[in-house]
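Here is what each chain is made of, one letter per residue.
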Amino acid sequence: MKRLYGHIGATLFTVLLIGCGPSTFLIDKAGTSAYFGRNSQFLNKKLCTSDELRLILADADLPREMESDFYRYTCSEEKSYDKVISLYLVLTPVEKLRLKRAFEKHGYEVNRLHC
Amino acid sequence: MHRLFDKSSILFIKIAFLSLLTVVPSSYAASNPIREAAPDFTLSDMQGIAHKLADYRGSVVVLNFWASWCRECALEMPSLDGLYKRLKKDGLVVIGVSVDRTRADIAQLAGKVSYPVLLDERGDVFVKKYTITRLPATIIIDRDGAIVKKIYGGRDFSSGAFIGEMTGLLQEKKRQ
């Protein structure tokens with residue numbers, strides 16, 4: 001039994017370790033989810049084509065330049081998930097929370113268990 | 001072949017060859033793993049003095065990105081300061097780059113170290129030039145201005161291995 005718990009513990013630890021890589025946060029709408037900033041059809045359709053991201057970023061009340069950089073690196077030809085992660089890192093904990101709340105305000109579920 | 005070397009010699013050669021295969025890549029990795037030019041930038045410190053990275057060409061530079069809300073960043077800073085004090089005379093330059101936007105938060109940590117701390121309040125260097133995806137992040141730049149190592153996550157800079165690595169880098173360039 002102890003060995004079984006050991007295996008479970010090791011598996012969980014590995015999963016946590018792998019899951020804690022650099023990332024933004026998971027957003028989910030209508031059963032489809034993706035990491036914010038990652039290049040995906042879902043994100044492109046939901047956030048960029050509809051221009052919903054502009055409204056979300058405006059609601060997050062981030063510094064003006066960061067707001068436009070988030071849009072640029074998520075929706076424009078300069079799309080870069082690494083740059084979105086980098087920008088997200090620069091946000092203060094309060095700003096990170098405001099960004100997540102802004103997504104929630106627009107009907108997204110935010111994975112609060114992200115690393 | 002078998003006439004020239006006995007069994008034990010052949011075994012020794014095999015071991016030596018295998019050792020060489022293991023040692024060569026690791027020493028190469030220590031001196032030339034990345035070798036990409038470090039993007040230049042100019043940022044000001046807390047006193048408003050501008051620092052241009054290119055001005056430090058000729059020194060080995062340790063560029064340490066941090067934020068006040070990053071616990072690991074604060075934890076590694078004393079060891080980085082120790083490294084700076086120990087190897088400053090040999091040409092080691094340590095530059096802290098804070099991505100905070102509140103001066104009081106920066107001052108609290110910056111006041112505890114003796115190396116310059118620059119302010120990247122808009123994240124221009126952090127995001128656009130270096131695209132750092134984890135904090136703390138430490139970039140090692142050699143005397144030619146090339147990035148030789150990127151370290152993500154907290155590190156004990158007072159470890160013998162790291163000091164040895166830095167000393168090697170400082171001496172290597174002195175010889176040329």
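Nothing here was measured: the structure is a model prediction, and the numbers come from that model.

**Student:** How should I be thinking about the overall build of chain B in this particular structure?
**Tutor:** When helices and strands are counted, chain B shows 5 helices and 8 strands. Across the 176 residues of chain B, 28% fall into the buried class. Of the contacts made within chain B by residues no fewer than 6 positions apart, 70% connect residues no fewer than 24 positions apart.

**Student:** Sorry, what's going on with the environment of Glu36(B) here?
**Tutor:** All names here are of chain B. Positionally, Glu 36 belongs in strand β1 (residues 36-37). Taking the number of C-beta atoms within 10 Å as the measure of exposure, Glu 36 has 9 and is therefore exposed. Contact partners of Glu 36, with chain neighbours within four places excluded, come to Ala 146 and Ile 147.

**Student:** What's the story with the pairing of strand β5 (residues 92-98) of chain B in this structure? I'm lost.
**Tutor:** In summary, the side chains of a regular strand alternate between the two faces of the sheet. Residues and elements named next belong to chain B. Of all the 7 residues making up β5, 7 are buried; the element is thus mostly covered by neighbouring parts of the structure. As paired elements, strand β4 (residues 60-66) and β5 share 7 bridges and run parallel to each other. Along β5, the bridge assignment pairs Val 62 with Val 94. The handedness of the β4 to β5 crossover, carried by helix α2 (residues 71-87), is right-handed. Where β5 lies against strand β6 (residues 117-119), 3 bridges are found, and the strand directions are parallel. In the sheet register, Gly 96 faces β6, and the bridge partner there is Val 117. Handedness of the crossover joining β5 and β6 through helix α3 (residues 103-110) is recorded here as right-handed.

**Student:** Just to check I follow, could you spell out the packing of helix α3 (residues 52-60) of chain A against helix α4 (residues 64-75) of chain A for this structure?
**Tutor:** A pair of packed helices can be characterised by two numbers: the angle between their axes and the separation between those axes. All names here are of chain A. Relative orientation of the contacting elements α3 and α4 amounts to 150 degrees, with a least axis distance of 10 Å. Here α3 lies roughly antiparallel to α4, going by the angle between them. Crossing angle aside, the handedness with which α3 passes α4 is right-handed. Contact with α3, carried on its side by Leu 53, Arg 54 and Leu 57, involves Glu 67, Phe 70, Tyr 71, Thr 74 and Cys 75 of α4 and no other residues of that element. Looking at side-chain class alone, the contact of α3 with α4 contains 5 nonpolar, 1 polar and 2 charged residues.

**Student:** Before we go on, may I ask you to explain the sheet that holds strand β3 (residues 109-110) of chain A in this structure?
**Tutor:** Pairing between sheet strands relies on hydrogen bonds along the backbone, with the strands arranged either parallel or antiparallel. All names here are of chain A. Here we have 3 strands laid out as an open sheet, ordered β2-β1-β3, and antiparallel in their pairing. Looking at strand neighbours, the two that pair on one side only are β2 (32-35) and β3, the edges of this open sheet. Examined bridge by bridge, strand β1 (residues 26-29) and β2 share 4 bridges and lie antiparallel to one another. Among the inter-strand pairings, Asp 28 is bridged to a residue of β2, identified as Ser 33.

**Student:** What am I meant to see in the sheet that holds β1(B) here?
**Tutor:** Residues and elements named next belong to chain B. Strand order in this open sheet of 6 strands is β1-β8-β7-β4-β5-β6, and the pairing throughout is mixed. Each having just a single partner strand, β1 and β6 make up the two edges of the open sheet. Most of the contacts of α2 go to β5, to which it runs at about 155 degrees, and overall it touches β4 and β5.

**Student:** When you look at the nonpolar core in this model, what are you seeing that I'm missing?
**Tutor:** A general trend in soluble globular proteins is that nonpolar side chains are found buried together. Counting 62 residues, the largest nonpolar core has Leu87(A), Phe65(B), Val94(B), Phe126(B) and Leu135(B) as its most contacted members. Setting aside residues up to four positions removed in sequence, Leu87(A) forms contacts with Met66(A), Asp69(A), Phe70(A), Tyr73(A), Gly123(B) and Val127(B).

**Student:** Which parts of the structure should I look at to understand the packing of α3(A) against helix α6 (residues 93-105) of chain A?
**Tutor:** Residue and element names in this part refer to chain A. As a packed pair, α3 and α6 sit with axes 8 Å apart at the nearest point and diverge in direction by 135 degrees. By the criterion of interaxial angle, the relationship of α3 to α6 is oblique. Between α3 and α6 lies a crossing of right-handed hand. In this structure, α3 uses Ile 56, Asp 59 and Ala 60 to contact α6, whose residues at the interface are Arg 98, Leu 99, Ala 102, Phe 103 and Lys 105. A per-class count over the contact of α3 with α6 returns 5 nonpolar, no polar and 3 charged.

**Student:** Mind showing me how you'd approach α2(B) here?
**Tutor:** Helical geometry note: an α-helix holds 3.6 residues per turn, so side chains three or four residues apart project in the same direction. Residue and element names in this part refer to chain B. Relative to the 24 Å expected for 17 residues at 1.5 Å per residue, α2 spans 25 Å between its end C-alpha atoms, a close match to the ideal helical length. By the largest-angle criterion, Met 77 marks the main kink of α2, which is about 35 degrees, and a proline, Pro 78, follows within four residues. Turning to α2, its buried residues number three or more, namely Cys 73, Glu 76, Met 77, Leu 80, Leu 83 and Tyr 84.

**Student:** Would you take a moment to explain the pairing of strand β8 (residues 146-152) of chain B for this structure?
**Tutor:** All names here are of chain B. In this structure, β1 lies alongside β8, joined through 2 bridges in antiparallel fashion. Counted as the bridge partner of Glu 36 is Ile 147 from β8. Of the pairings in the sheet, the one linking strand β7 (residues 137-141) to β8 comprises 5 bridges and is antiparallel in character. Looking at the pairing, Ala 137 lines up with Tyr 152 of β8. The antiparallel hairpin formed by β7 and β8 contains 4 residues in its connecting segment, where Gly 145 sits at a positive phi of about 80 degrees.

Cut-offs applied
Residues numbered from 1 in each chain as written. Chains lettered and ligands numbered in written order. Predicted model: local features only at pLDDT ≥ 70, side-chain atom pairs only at ≥ 80, totals over all residues. Helix = DSSP H or I, 4+ residues; strand = E, 2+ residues; numbered from the N terminus. Buried ≥ 20, exposed ≤ 12 C-beta atoms within 10 Å, placed from the backbone. Contact = placed C-beta atoms within 7 Å. Pairing = 2+ DSSP bridges. Right-handed = clockwise from strand over helix to strand, strands pointing away. Axes fitted to C-alpha atoms, helices over the stretch in contact; angles between N-to-C directions. Parallel < 35°, antiparallel > 145°, perpendicular 65-115°, else oblique. Left-handed = near helix turned anticlockwise from the far one by under 90°. Nonpolar A, V, L, I, M, F, W, Y, C, P; charged D, E, K, R; others polar. Core = buried A, V, L, I, M, F, W, Y, C linked by C-beta atoms within 7 Å. Expected span 1.5 Å × (residues − 1). Bend = angle between axes of the 7 residues up to and from the residue.

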